[in-house]
Every structure is written in C-alpha cells, then in structure tokens.
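What the coordinates show
Below are the chains, spelled out letter by letter.
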Amino acid sequence: MEPYLLLIGLVALERLAELATARRNTRRSLSLGAIEYGRGHYPAMVALHTALLLGCVVEPLVADRPFLPALGWPALALVVAAQGLRWWCIATLGPQWNTRVLVVPGRPLVAAGPYRLLRHPNYVAVVVEGAALPLVHTAWVTAAAFTLLNFALLGVRIRCEEDALAHAAPVHRSPVPAEGRAR
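Here is a short report on the structure shown in this document.

What counts and what doesn't
- Residue positions are counted from 1 within each chain, in the order its sequence is given.
- Residue-level local features of this predicted model are given only where pLDDT is at least 70; pairs of side-chain atoms are given and counted only at 80 or more, and the full residue set underlies all totals for whole chains, interfaces and linings.
- With hydrogens and water excluded, all non-hydrogen atoms of the structure serve as input to the side-chain values.
- Secondary structure elements follow DSSP: runs of H or I of four or more residues count as helices, runs of E of two or more count as strands, with numbering from the N terminus.
- The buried label applies to any residue whose accessible area, calculated with a 1.4 Å probe on protein chains only, is under 20% of its type's maximum; exposed applies above 50%, and partly exposed to all values in between.
- The contact definition used throughout considers only heavy atoms, calling two residues in contact when any of these lie within 4.5 Å.
- Per-residue accessibility takes into account occlusion by the displayed protein chains alone, with areas from the Shrake-Rupley method and a 1.4 Å probe.
- We count Lys and Arg on the positive side and Asp and Glu on the negative side, and we leave His and both chain ends out.
- A charge is said to be at NZ when it belongs to Lys, at CZ for Arg, at CG for Asp and at CD for Glu.
- Every axis in this analysis is a line fitted to C-alpha atoms, fitted for helices over the stretch in contact. Angles between the N-to-C directions lie between 0 and 180 degrees.
- Put simply, angles under 35 degrees are roughly parallel, angles over 145 are roughly antiparallel, angles from 65 to 115 are roughly perpendicular, and the rest are oblique.
- We call Asp, Glu, Lys and Arg charged. Ala, Val, Leu, Ile, Met, Phe, Trp, Tyr, Cys and Pro are nonpolar, and the rest, Gly among them, are polar.
- Two aromatic rings, drawn from Phe, Tyr or Trp (for Trp, its six-membered ring), form a pair once their centres lie within 6.5 Å of each other, and the interplanar angle then sorts them: stacked below 30 degrees, edge-to-face above 60, tilted otherwise.
- The nonpolar core is taken to be a set of buried Ala, Val, Leu, Ile, Met, Phe, Trp, Tyr and Cys residues, with the residues joined through side-chain atoms within 4.5 Å.
- Patch membership needs two things, relative accessible area over 30% and no salt bridge, and members are linked within 9 Å if like-charged or within 5 Å if nonpolar (Val, Leu, Ile, Met, Phe, Trp, Tyr).
- Definition used for salt bridges: Asp or Glu carboxyl oxygen within 4 Å of a side-chain nitrogen of Lys or Arg.

Describing the overall build of the protein
When helices and strands are tallied, the protein shows five helices and two strands. Taken from the N to the C terminus, the helices and strands of the protein come in the order α-β-α-α-β-α-α. Overall, the protein is about 70 × 40 × 25 Å in size when its C-alpha atoms are taken along their principal axes. In the protein, which comprises 183 residues, the share counted as buried stands at 39%. When contacts within the protein are restricted to residue pairs at least 6 apart in sequence, those whose partners lie at least 24 apart make up 87%. For the protein, the computed accessible surface area is about 10,400 Å², with 69% contributed by carbon and sulfur atoms. Computing the positive centroid from 17 side-chain charges and the negative centroid from 11, the protein places the two 11 Å apart.

Right, here's the structure in full:
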C-alpha cells in the first residue's frame, strides 16, 4: 500500500504544480484583457478532483482492497500516459493553459501538439487518469463514481469552453467572390 500512497502523493504534488502554473497564467491572461467564463462550475471541478485523490486513499484502506498486478500495472501505465498527455497539453498551450476558462479576445486557437489531433486532449487525460488512478489499487467504487460525475461535469465544462471560444476567438474567413458562393 505504501507505494500506492506515494503515487497518490506524487499526483497531489503534480496538481499543486498545475495550480501554480494556472495562477501565473491567470495573472498574465487577465493583464492582457482575458474574459473568464464558467466561474460557477469551477468549485465543483476542484471538489471532484480533490475527492478523487481522497477516494484513492480512503477506499483501499477502508475496504481493504488488494493490489492486483493484472489490474494495477496496466492502470499505472495509463496514469503515466495520461500525465504525459496532460503536460504535452500544458507545454503546447504555454501561457494560454489554465484550469479556468480564460479567453484573451483576438488570440487564435492553438492547433499544434495534441490540439492538431483532438479538440480537447487535456480532457482525454483527465478521463483516463480518473478511471485508472483508483484502479492501480483496486478502488473501483472511486473509479466508477469519479468517472460518472466527471462525465457530467465535462459536459458542462466543454460547452462552456466552446461558447467562450466561439464568442472570443477571431474568425478567419477568406473572402469568396459572389459568383463562387452557394445559392
């Protein structure tokens, strides 16, 4: 159980690093005139992600869950892959990455790195990690509960981001001659 608790501790430290990065990026974005969207769901997101880490610790202890190598090792590989994808997203977005929905008007959408493959790659990392991290030590109730609640929250979050980007991102259209337009 000790190696698993160390893993959860490392993930918690990673979250703190994310929050420090987000705070720095928030200050920068706001100084550039960023508009924040979706403040209402942000506390629920923080609470859900905190509950995930707590559930990962409590469930295996209280329910005396064993480490099952056939489940634990593949789940750990998925956690590591999710972390890699998350930090690829953070590195690609650079100062535009945030845990909040902040949009600097006039900034183009990023279409590099994982964003050239997926519209919301960071959320793929969140979904994979949220299911896999608890399963490293057979915390299947935590994995199931987080996954269900996270899907509901991601529905809200992705709609919020799409609306924010639609209102704030520049639209690049090439002029089409009148004779070339569909009638």
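After presenting the structure, the write-up continues.
Thoughts on the packing of helix α1 (residues 2-31) against helix α4 (residues 121-135)
Following both chains from N to C, one finds α1 and α4 inclined at 155 degrees, their axes separated by 11 Å at the closest point. When the axes of α1 and α4 are compared, the pair comes out roughly antiparallel. For the pair α1 and α4, the contacting residues are Y4, L7, I8, V11 and R15 in the first and E129, L133 and P134 in the second. Of the residues belonging to the contact of α1 with α4, the class tally is six nonpolar, no polar and two charged.

As for the packing of aromatic side chains
This structure, assessed with the given rule, holds one aromatic pair. Measuring from ring centre to ring centre gives 5.5 Å for F67 and W73, while their planes differ by 80 degrees; the resulting arrangement is edge-to-face. Overall, F67 belongs to the partly exposed group, its relative accessible area being 33%.

Description of the environment of N150
Along the chain, the position of N150 falls in helix α5 (residues 140-168). In sequence terms N150 and A44 are 106 residues apart; their C-alpha atoms lie 10.0 Å from each other. Excluding its chain neighbours within four sequence positions, the residues that come into contact with N150 are L48, H49, V126 and V127.

Describing the nonpolar core
Counting residues in each nonpolar core, the largest one holds 20 residues, and the members touching the most others are Y4, L7, I8, C56, L133 and V136. Of all the elements in the fold, those that place two or more residues in this core are α1, α2 (42-62), α3 (69-93), α4 and α5. Among the elements that take part in this core, α2 stands out by supplying six residues, more than any other. Discounting residues that sit within four places of it in the chain, I8 has contacts with L53, C56, V57 and L133. Formed by nine residues, the second largest nonpolar core is a distinct cluster that contains A82, C89, Y115 and A125.

A few points about a nonpolar patch on the surface
There is a patch of nonpolar side chains on the surface, built from L6, L10, L13, L16 and L19 and spanning about 490 Å² of accessible area. If you trace the backbone, L13 turns up in helix α1. Assessed through its relative accessible area of 54%, L13 is described here as exposed.

Regarding the side chain of R65
Within the element layout of this structure, R65 appears in the loop between α2 and α3. Once residues lying within four places of it in the same chain are set aside, the contact partners of R65 are E59, P60, H137, T138, A139, W140 and V141.

Re the environment of P121
Among the secondary structure elements, P121 is positioned in helix α4. When near neighbours in sequence (up to four residues on either side) are disregarded, P121 contacts L85, C89, P114 and Y115.

A short note on the pattern of salt bridges
Evaluation of the coordinates by the stated rule reveals ten salt bridges. Note that E18 is salt-bridged to R15, the shortest N-O span being 3.6 Å. Note that E18 and R15 are positioned in helix α1 at a spacing of three residues, about one turn of the helix. Across this residue pair, the class does not change: E18 and R15 are buried. Between E162 and R119 there is a salt bridge, and its shortest N-O distance comes to 2.7 Å. Of the two residues, E162 sits in helix α5 while R119 sits in the loop between β2 (101-103) and α4, which places them 43 residues apart along the sequence. Here E162 falls in the partly exposed class, since its relative accessible area comes to 25%. The exposure class assigned to R119 is partly exposed, which follows from its relative accessible area of 45%.

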